[in-house]
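Next come the chains, spelled out residue by residue.
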Amino acid sequence: MRSFLCNELEPFAYLIYVLAVVLQSRHDRSIRYKVLSVYYIGCAVFLYIGIVFFEENEWTYNLIFFANILVLSWYYFKLFDDETKKRLVIICSIFNAIAFVCTNIIYLRYDRYNDDIYGISFITIVLYSLLYLYQLLVNMKEEGLQLNFDFWLTCGYLLYFLGSFIIVLYYNHSKDYLARGDMWQIHNSILFICSAATLLVSLQISKKNNLHHV
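From a predicted model like this one, the values you see are computed outputs, not experimental measurements.

*Asks:* Could you clarify how one ought to interpret the overall build of the chain in this entry?
*Replies:* Within the chain, the regular secondary structure consists of eight helices and zero strands. For the chain, the succession of helices and strands along the chain, N to C, is α-α-α-α-α-α-α-α. Relative to the 2.2 N^0.38 estimate, which gives 17 Å for 214 residues, the radius of gyration of the chain is 18 Å and therefore close to what a compact globule would have. Principal-axis analysis of the C-alpha atoms places the extent of the chain at approximately 55 × 40 × 25 Å. Counting only residues that meet the buried cut, the chain has 49% of its 214 residues in that class. A fraction of 75% describes how many contacts in the chain between residues 6 or more apart in sequence connect residues 24 or more apart.

*Asks:* How do you make sense of the packing of helix α3 (residues 58-79) against helix α5 (residues 115-138) when you look at a structure like this?
*Replies:* Packed helix pairs are specified by the crossing angle of their axes together with the interaxial distance, meaning the distance between the axes. Between α3 and α5, the shortest axis-to-axis distance is 10 Å and the interhelical angle comes to 20°. By the angle class used here, α3 and α5 are roughly parallel. Classified by chirality, the crossing of α5 by α3 is left-handed. Residues Glu-58, Tyr-61, Asn-62, Phe-65, Asn-68, Ile-69, Leu-72, Ser-73, Tyr-76 and Leu-79 of α3 form the contact with α5, whose own contacting residues are Tyr-118, Ser-121, Phe-122, Thr-124, Ile-125, Tyr-128, Ser-129, Tyr-132 and Gln-135. Here the residues of the contact of α3 with α5 sort into eleven nonpolar, seven polar and one charged.

*Asks:* Could you clarify how one ought to interpret the pattern of salt bridges in this entry?
*Replies:* Side-chain pairs of opposite charge can arise where the charged atoms are in close proximity. Taken as a whole and assessed by the stated rule, the structure comprises three salt bridges. Between Arg-32 and Asp-150 there is a salt bridge, and its shortest N-O distance comes to 2.7 Å. Taken together, the residues Arg-32 in helix α2 (residues 31-53) and Asp-150 in helix α6 (residues 149-163) connect sequence positions 118 residues apart. Both residues of the pair, Arg-32 and Asp-150, belong to the buried class.

*Asks:* Help me out: how do you make sense of the packing of α3 against helix α4 (residues 83-106) in this one?
*Replies:* Axis separation between α3 and α4 bottoms out at 9 Å; the angle between their running directions is 170°. By the angle between their directions, the pair α3 and α4 is classed as roughly antiparallel. For the pair α3 and α4, the contacting residues are Asn-62, Phe-65, Phe-66, Ile-69, Leu-70, Ser-73 and Phe-77 in the first and Lys-86, Val-89, Ile-90, Ser-93, Asn-96, Ala-97, Phe-100 and Asn-104 in the second. Its residues assigned to classes, the contact of α3 with α4 comprises nine nonpolar, five polar and one charged.

*Asks:* Mind showing me how you'd approach the environment of Cys-92 here?
*Replies:* Counting through the fold element by element, Cys-92 comes out in helix α4. The buried category is assigned to Cys-92, whose relative accessible area is 14%. In the structure, Cys-92 is positioned 61 residues away from Ile-31 in sequence and 22 Å away in space, judged by C-alpha atoms. The contacts of Cys-92, once residues within four sequence positions are left out, are Thr-124 and Tyr-128.

*Asks:* Which parts of the structure should I look at to understand the packing of aromatic side chains?
*Replies:* Any aromatic ring pair is given by two values, namely how distant the centres are and how the planes are angled relative to each other. Applying the stated criterion across every chain yields a total of 26 aromatic pairs. Aromatic side chains Phe-151 and Trp-152 sit 4.9 Å apart centroid to centroid with 70° between the ring planes, which places their arrangement in the edge-to-face category. The ring centre of Phe-77 lies 4.4 Å from the NZ or CZ of Lys-86, which sits over that ring.

Definitions and limits used
Residues numbered from 1 in each chain as written. Predicted model: local features only at pLDDT ≥ 70, side-chain atom pairs only at ≥ 80, totals over all residues. Heavy atoms only, no water. Helix = DSSP H or I, 4+ residues; strand = E, 2+ residues; numbered from the N terminus. Rg over C-alpha atoms; globule rule 2.2 N^0.38 Å. Buried < 20%, exposed > 50% of the residue type's maximum accessible area, 1.4 Å probe, protein only. Contact = heavy atoms within 4.5 Å. Axes fitted to C-alpha atoms, helices over the stretch in contact; angles between N-to-C directions. Parallel < 35°, antiparallel > 145°, perpendicular 65-115°, else oblique. Left-handed = near helix turned anticlockwise from the far one by under 90°. Nonpolar A, V, L, I, M, F, W, Y, C, P; charged D, E, K, R; others polar. Salt bridge = Lys/Arg side-chain N within 4 Å of Asp/Glu carboxyl O. Phe/Tyr/Trp six-rings, centres within 6.5 Å; stacked < 30°, edge-to-face > 60°. Lys NZ or Arg CZ within 6 Å of the ring centre and 35° of its normal.

See the structure below:
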């Protein structure tokens with residue numbers, strides 16, 4: 001059970017995200033959902049490869065978190081409705097990309113756990129999420145947010161990236177192997193809870209959309 005929580009639960013959570021996004025794409029064929037589904041599949045595959053075939057899999061997180069900041073920067077760029085927010089996304093994504101490239105390629109830390117870089121990317125996505133929620137609050141419509149998948153997906157992102165921020169930042173500072181395992185179990189559990197909640201919301205949205213078309 002401990003092994004599952006520390007290892008297999010993480011790629012499993014990404015596969016749940018795939019189901020949620022694919023289900024949503026049946027009603028909204030926006031390109032952003034197609035991109036997210038490919039990204040989540042890639043995360044699940046690379047994580048599983050790292051778990052099964054490599055004793056040290058830090059490289060998978062360097063790859064996944066780099067793709068993470070690029071994909072989600074693009075996702076929020078598509079969601080934001082004014083040029084100021086869009087310019088902020090461009091600046092943040094370029095800064096994160098430079099930080100990842102310098103750390104992993106120039107300084108050859110691609111096979112190490114780069115906690116500072118992960119922390120920067122996590123807090124950047126928290127910023128995006130808060131800005132999008134503020135945008136929704138300002139532009140609140142009468143029908144509310146019950147059928148707004150992006151709202152619920154962003155709430156899940158906010159919970160995961162904010163809840164896991166301290167974990168990814170201080171995980172590598174612990175010399176106790178068991179304590180590190182406990183920390184990563186919490187990280188994976190948060191990711192799983194967010195993915196499962198997103199899938200449940202997606203199912204509810206799909207059900208209501210089907211009723212509206214009857």
